[in-house]
Amino acid sequence: AMVDLREQLTQDEKVREDKLPRDKMLQLQYFMQNWSAMYIRYLQIFRRLEDCYDQILQPQKRADVRIILDSCIGRLLEL
């Protein structure tokens, strides 16, 4: 899940750097394709992290996963 999260953050940076098309319809298509895909990807990562969090027994590792899980939830809310 951590590798997927890193890859998703890299893709987020690429989407932010993209220039928006001038046409309103093209802008709508752009947002629907890119942002909805990012939302779905973060949701998948969130579910994997949640499974990891439930299965980890060590308190230190569990706390670290919880921080990452909270960050992923925050990003989902931003989208």
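First, a word on scope: everything that follows refers to the structure included in this document.

Reading the values: rules and limits
Residues numbered from 1 in each chain as written. Predicted model: local features only at pLDDT ≥ 70, side-chain atom pairs only at ≥ 80, totals over all residues. Heavy atoms only, no water. Helix = DSSP H or I, 4+ residues; strand = E, 2+ residues; numbered from the N terminus. Polar contact = N/O pair within 3.5 Å; in protein donor to acceptor, adjacent residues only side chain to side chain. Contact = heavy atoms within 4.5 Å. Expected span 1.5 Å × (residues − 1). Buried < 20%, exposed > 50% of the residue type's maximum accessible area, 1.4 Å probe, protein only. Salt bridge = Lys/Arg side-chain N within 4 Å of Asp/Glu carboxyl O.

## Brief notes about the side chain of Arg75
Move 1: Relative to the helices and strands, Arg75 is located in helix 3 (residues 59–78).
Move 2: Within the local environment of Arg75, its side chain forms a polar contact with the side chain of Glu78, the two groups lying 2.9 Å apart.
Move 3: If we ignore the near neighbours within four places in the chain, the residues touching Arg75 are Asp12, Arg16, Trp35, Met38 and Tyr42.

## Overview of helix 2 (residues 24–55)
Move 1: An ideal rise of 1.5 Å per residue puts 46 Å on 32 residues; helix 2 measures up with 46 Å between its terminal C-alpha atoms.
Move 2: For helix 2, every residue scored as buried is listed here: Gln27, Tyr30, Met38, Tyr42, Ile45, Phe46, Leu49 and Tyr53.
Move 3: Where helix 2 is buried, its residues contact helix 1 (2–17) and helix 3.

## Notes on the pattern of salt bridges
Move 1: Tallying each qualifying case throughout the model produces five salt bridges.
Move 2: One salt bridge connects Asp4 with Arg48, and the closest N-O pair in it is separated by 2.1 Å. Of this pair, Asp4 sits in helix 1 while Arg48 sits in helix 2, and the two are 44 residues apart along the sequence.
Move 3: Taking the relative accessible area as the measure of exposure, Asp4 reaches 18% and is therefore buried.
Move 4: What makes Arg48 partly exposed here is its relative accessible area of 34%.
Move 5: Across the pair Glu7 and Arg41 runs a salt bridge whose closest N-O atoms are separated by 3.9 Å.

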